[in-house]
Amino acid sequence: DHGSMYAIDLLAHNGAGIPYLEQLRSAIDTSPPVVTGSINVLVDYLYEPLEGAAETLIALVISWQGTFHDPDSGLFEFFVSTDETTERSYGLERSGLLEIDSDPRTICVDVRAVNHATLFTTVTRCVEVYDNSLQPGLIFDGPSNGRDIECTHDLHTVFASWSNFSSANPDEHLTFEWAI
């Protein structure tokens with residue numbers, strides 16, 4: 001029965017006839033871990049390929065803190081995999097890093113929680129992957145926005161403006177840093 005306990009008693013006698021009693025008490029767990037949250041997946045490109053190189057390397061930073069709970073026998077181990085990778089054990093860690101050397105459009109991450117009774121529950125999270133390349137825009141020097149100058153006579157003031165930079169990811173907010 002779920003939530004029941006059992007006990008094993010071992011009575012031993014030594015050569016002098018003195019008894020020794022050892023007891024082991026354990027739970028009977030017939031239910032897998034309970035899902036109590038979701039997994040978080042952050043996608044990051046580690047580098048862009050060099051000319052002639054195969055593909056871009058993608059890093060997945062995955063967190064499943066608070067995602068699983070097992071009130072009966074406790075959590076024993078976590079496994080993480082994707083369509084692109086084989087399953088990897090993370091012990092009792094609540095986060096991990098996976099590297100993928102292909103460039104899929106969607107990545108589905110599976111986190112499998114296993115309890116001490118070897119029962120398991122799997123949670124899947126799919127994320128969209130966008131090419132992280134920034135689409136080049138225009139940079140202008142000169143006092144007028146959108147108008148470029150070839151030279152200046154002012155030794156103390158330099159003007160700059162830029163426009164039309166964009167990202168393949170529609171949810172990405174672009175920030176700019178500039179220096180002269």
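Since the structure is predicted, the reported quantities are computational estimates derived from the model, not experimental observations.

1. A look at the overall build of the protein chain
Moving on, step 1. Looking only at helices and strands, the protein chain features zero helices and 15 strands.
Moving on, step 2. Put simply, the protein chain has 180 residues, and 26% of those count as buried.
Moving on, step 3. Sequence separation of at least 24 residues holds for 54% of the intrachain contacts in the protein chain that already meet a minimum separation of 6.
Moving on, step 4. Accessible area of the protein chain: about 12,400 Å², with a carbon and sulfur share of 53%.

2. Details of the pattern of salt bridges
Opposite charge on two side chains lets them pair, provided their charged atoms get close.
Moving on, step 1. A complete count under the given rule lists one salt bridge for this structure.
Moving on, step 2. Residue Arg 112 pairs with Glu 87 through a salt bridge whose shortest N-O separation is 2.7 Å. Here Glu 87 lies in the loop between β7 (75–82) and β8 (88–89) and Arg 112 lies in strand β10 (residues 106–115), a separation of 25 residues in the sequence.

3. Here's the deal with the packing of aromatic side chains
Moving on, step 1. Applying the stated criterion to the full structure yields three aromatic pairs.
Moving on, step 2. Seen in terms of ring centroids, Trp 64 and Phe 78 are 5.8 Å apart; in terms of plane orientation they differ by 55 degrees. Their pairing is tilted. Remark: Phe 78 occurs in strand β7 and Trp 64 occurs in the loop between β5 (57–63) and β6 (68–69); sequence separation between them is 14 residues.
Moving on, step 3. Both rings, one in Trp 64 and one in Tyr 90, keep their centres 5.6 Å apart while their planes meet at 70 degrees; by these two values the pair is edge-to-face. With a gap of 26 residues between them, Trp 64 in the loop between β5 and β6 and Tyr 90 in the loop between β8 and β9 (95–100) connect regions that are remote in the sequence. Across the pair, Tyr 90 and Trp 64 agree in class, each one buried.
Moving on, step 4. Among the aromatic residues, those joined into a cluster by ring pairs are Trp 64, Phe 68, Phe 78 and Tyr 90.
Moving on, step 5. Stacked on the ring of Phe 120, the Lys or Arg Arg 112 has its end atom at 5.2 Å from the ring centre.

4. Quick look at the side chain of Asp 70
Moving on, step 1. Take Asp 70: it is sitting in the loop between β6 and β7.
Moving on, step 2. A polar contact of 3.1 Å, which involves the side chain of Asp 70, links it to the backbone nitrogen of Asp 72.
Moving on, step 3. The contact partners of Asp 70, leaving out residues within four places of it in the chain, are Asp 29, Ser 31, Pro 32, Pro 33, Leu 75 and Asn 115.

5. Observations regarding the environment of Val 34
Moving on, step 1. The topology assignment puts Val 34 in strand β3 (residues 34–35).
Moving on, step 2. On the basis of relative accessibility, which here comes to 41%, the residue Val 34 falls in the partly exposed class.
Moving on, step 3. Along the chain, Val 34 and Thr 67 lie 33 residues apart, while their C-alpha atoms are 8.4 Å from each other.
Moving on, step 4. Apart from residues no more than four positions distant in its own chain, Val 34 is found in contact with Thr 67, Phe 68 and His 69.

6. Quick notes on the sheet that holds strand β11 (residues 120–128)
Moving on, step 1. Read across the sheet, four strands follow the order β8-β7-β10-β11 without closing on themselves; strand pairing throughout is antiparallel. Where the open sheet ends on each side, the last strands, each with one partner, are β8 and β11.
Moving on, step 2. Pairing geometry for β7 and β8, over two bridges, is antiparallel. What sits directly across from Val 80, in β8, is Arg 88.

Criteria and thresholds
- The numbering scheme is per chain: residues are counted from 1 as the chain's sequence reads.
- Local features in a predicted model are, by the rule used here, given only for residues with pLDDT of at least 70; side-chain atom pairs are given and counted only at 80 or more, and totals for whole chains, interfaces and linings are based on all residues.
- Excluded from the side-chain calculation are hydrogens and water; included are all heavy atoms of the structure.
- Secondary structure counts use DSSP, requiring at least four H or I residues in a row for a helix and at least two E residues in a row for a strand, with both numbered from the N terminus.
- Only protein chains enter the accessibility calculation, which uses a 1.4 Å probe; a residue is then buried when its area is under 20% of its type maximum, exposed when over 50%, and partly exposed in between.
- By definition, residues are in contact when any of their heavy atoms lie within 4.5 Å.
- For every accessible area listed, the method is Shrake-Rupley and the probe measures 1.4 Å; residues are considered covered only by the protein chains on display.
- Within this document, salt bridges are pairs made up of a side-chain nitrogen of Lys or Arg and a carboxyl oxygen of Asp or Glu, the two lying within 4 Å of each other.
- Only centres within 6.5 Å qualify two rings of Phe, Tyr or Trp (six-membered ring in Trp) as a pair; their planes then separate them into stacked at under 30 degrees, edge-to-face at over 60, and tilted for everything else.
- Whether a charge sits over a ring depends on NZ of Lys or CZ of Arg being within 6 Å of the ring centre and within 35 degrees of the ring normal.
- Identification of polar contacts relies on pairs of N or O atoms within 3.5 Å, with a donor-acceptor requirement for protein atoms, meaning one able to donate a hydrogen and the other able to accept it, and with residues adjacent in sequence counted only if both atoms are side-chain atoms.
- In this description, strands pair whenever DSSP reports at least two bridges between them.

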